[in-house]
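Each chain, written out:
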Amino acid sequence: MKKLLLIFTFLLCLDYNHTLSQDLKIKWEDSKGRKFSINIVSGDFKWSSLKGDKINYNSSGKVKSVGNTNILYNYSGKVKSVGGVSIYYNNSGKVKSVGGVSVYYNNSGKVKSVGGTVY
């Protein structure tokens, strides 16, 4: 099982621009030191590679793998999994969960709370 083979560290960074928007990212690292992050509101995905990692791209030009970590996308082009970590979205297109981290929104669509760990 990939989830058991990869050890992820959960880092949660909260940056708020109180007048315009929320900028919330969930960040994690695989057992080899590759770093991944996803912006909860926009779905923007970022990654880092290690020296010698081969980067593969899909036919749309999106990153398909970083080293031995595969990245899969859903029908709308958003990241749906990174290695053994699944990413789910709510009906508004905002991140609902990343691995074992759940994101809860209030009635106006702002992040109310976040809890759990990426595993």
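Before going into details, it helps to say that this report is about the structure given with it. Here the structure is a predicted model, which is why all the values come from computation and not from measurement. (Residues numbered from 1 in each chain as written. Predicted model: local features only at pLDDT ≥ 70, side-chain atom pairs only at ≥ 80, totals over all residues. Heavy atoms only, no water.)

Judged by nonpolar contacts, the single largest core of 23 residues is most densely connected at I26, W28, I87 and V98. Mapped onto this core, the elements with two or more residues apiece are β2 (21-29), β3 (35-39), β6 (63-66), β7 (69-73), β8 (79-82), β9 (85-89), β10 (95-98) and β11 (101-105). (Core = buried A, V, L, I, M, F, W, Y, C linked by side-chain atoms within 4.5 Å. Buried < 20%, exposed > 50% of the residue type's maximum accessible area, 1.4 Å probe, protein only. Helix = DSSP H or I, 4+ residues; strand = E, 2+ residues; numbered from the N terminus.)

Tallied over the full model, the rule gives 2 aromatic pairs. Relative to F45, the ring of F36 has its centre 6.3 Å away and its plane inclined at 15°; by these criteria the two rings are stacked. For the residue pair F36 and F45, the accessibility class agrees, reading buried in each case. (Phe/Tyr/Trp six-rings, centres within 6.5 Å; stacked < 30°, edge-to-face > 60°.)

Here the focus is the pattern of salt bridges. Overall, the coordinates contain 2 salt bridges when judged by the stated rule. Measuring nitrogen to oxygen at the nearest pair gives 3.0 Å for the salt bridge that ties R34 to D30. Accessibility classification places R34 together with D30 in one group, the buried group. Linking D53 and R34 is a salt bridge whose minimum nitrogen-to-oxygen distance equals 2.8 Å. Of this pair, D53 sits in the loop between β4 (45-47) and β5 (55-57) while R34 sits in the loop between β2 and β3, and the two are 19 residues apart along the sequence. Each member of the pair, D53 as well as R34, carries the same accessibility label: buried. Bridged by salt links that share partners, the residues D30, R34 and D53 form one connected network. (Salt bridge = Lys/Arg side-chain N within 4 Å of Asp/Glu carboxyl O.)

Remember, this is a structural readout, not a statement about activity or role.
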